[in-house]
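# Structural characterization, general
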Amino acid sequence: YHRTLRGKAMVSSELDRIPGVGPARRTALLQRFGSLKALRAASVEELATTDGISEGLAATIHDHLHGQVTTG
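The sections below set out a description of the structure shown in this document. Throughout, residues of each chain are indexed from 1 in the direction in which the sequence is written. A pLDDT threshold of at least 70 governs which residues receive local features in this predicted model, and a stricter bar of 80 or more applies before side-chain atom pairs are shown or counted, although totals over entire chains, interfaces and linings include all residues. Computation of side-chain values covers all heavy atoms of the structure but excludes hydrogens and water.

### Regarding the pattern of salt bridges
- What counts as a salt bridge is simple: a side-chain nitrogen of Lys or Arg found within 4 Å of a carboxyl oxygen of Asp or Glu. If you walk through the whole model with that rule in mind, you get two salt bridges.
- Measuring nitrogen to oxygen at the nearest pair gives 2.4 Å for the salt bridge that ties Glu14 to Arg40. Residue Glu14 is located in the loop between α1 (2-11) and α2 (23-33), and its partner Arg40 is located in helix α3 (residues 36-41); the two are separated by 26 residues in the primary sequence.
- The class of Arg40 is partly exposed, set by a relative accessible area of 34%.
- Here Arg26 makes a salt bridge to Asp16, at a shortest N to O gap of 2.4 Å. With Arg26 in helix α2 and Asp16 in the loop between α1 and α2, this residue pair connects regions lying ten residues apart in the sequence. Under the scheme used here, helices are H or I runs from DSSP no shorter than 4 residues and strands are E runs no shorter than 2 residues, and both carry numbers assigned from the N terminus. The buried label applies to any residue whose accessible area, calculated with a 1.4 Å probe on protein chains only, is under 20% of its type's maximum; exposed applies above 50%, and partly exposed to all values in between.

What follows is the structure, encoded as structure tokens:
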């Protein structure tokens, strides 16, 4: 049981909590930037240059990664 929980925690990502980012977009972002640290350092414009990421979704990703999540 503990191995299962630990395994799931190791595979999950902060990107999984962002609405509109599924497995394909998560993979595209990580392939383009290489790490979550690099994603945090990227601007909205840089995020939007990734295939499948619109300007609006890039802004949402940027806000989530920087703790600026707004509701509504």
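The structure having been displayed, the exposition proceeds.
### Focus on the environment of Leu57
- Structurally, Leu57 is set in helix α5 (residues 55-65).
- Taking the C-alpha atoms as reference points, Leu57 and Pro19, separated by 38 residues in sequence, lie 8.8 Å from one another.
- Note on contacts: a residue pair is in contact if any heavy atoms of the two residues lie within 4.5 Å. Ignoring sequence-local partners within four residues, the contact set of Leu57 consists of Pro19, Gly20, Val21, Arg25 and Gly52.

Geometric values such as these leave the question of function open.
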